[in-house]
Amino acid sequence: MTGWVLTMAHRRAVDRARSEQASTNRDLAVATRSAETDFDQVTDTVVNRLEAEQVRRCLGSLTELQRESITLAYYGGYTYPEVASLLDAKLPAIKARMRDGLVRLRDCLGIAGKW
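Source: prediction; values computed, not measured.

Cut-offs used in this document
Residues numbered from 1 in each chain as written. Predicted model: local features only at pLDDT ≥ 70, side-chain atom pairs only at ≥ 80, totals over all residues. Heavy atoms only, no water. Disulfide = S-S within 2.5 Å. Helix = DSSP H or I, 4+ residues; strand = E, 2+ residues; numbered from the N terminus. Buried < 20%, exposed > 50% of the residue type's maximum accessible area, 1.4 Å probe, protein only. Polar contact = N/O pair within 3.5 Å; in protein donor to acceptor, adjacent residues only side chain to side chain. Contact = heavy atoms within 4.5 Å. pLDDT = per-residue confidence, 0-100.

For the rest of this paragraph, the subject is the state of the cysteines. Inspection of every chain in the model, using the stated rule, returns one disulfide. Between the sulfur atoms of Cys 58 and its disulfide partner Cys 108 the distance amounts to 2.0 Å. An S-S torsion of about -80° defines the bridge between Cys 58 and Cys 108 as left-handed. Placement of the pair is Cys 58 in helix 2 (residues 41–60) and Cys 108 in helix 5 (residues 91–109), with a sequence separation of 50 residues. Under the relative-accessibility criterion, Cys 58 is labelled buried at 0%.

Below is the structure:
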């Protein structure tokens, strides 16, 4: 009788150990599949800084009126009518300034395509 009890205890212990191992393997497999691939943050930071520098350089090539209009609209978040009001200019003039400035920015940045 003691032999049978020890055999049953041993089998249960082995079953428990196998169950724990299978659970760990499943968790590891799910974690591996769902893990996001790390990207090179240094490269991403350098590229962002270079692009920002290029935008600043190209903004510097615009006329003062174009630069001011575009800066207010894109960085300040103002609408065309708000930009016109802030600059004390007519709305069609602001739209023309911004259109011309954006075309010059596109050309300076080397972006292909038509806006």
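Looking at the element boundaries, Ser 69 is found in helix 3 (residues 64–75). At 2.9 Å, the side chain of Ser 69 and the backbone oxygen of Leu 65 are in polar contact. Residues in contact with Ser 69, not counting those within four places in the same chain, are Val 83, Leu 87, Ile 94, Arg 97 and Met 98.

For the rest of this paragraph, the subject is the confidence of the model for the chain. Mean pLDDT over the chain: 85, with 93% of residues reaching 70 or higher. Per-element averaging of pLDDT across the chain places helix 1 (residues 2–34) at the bottom with 79 and helix 4 (residues 80–86) at the top with 94.

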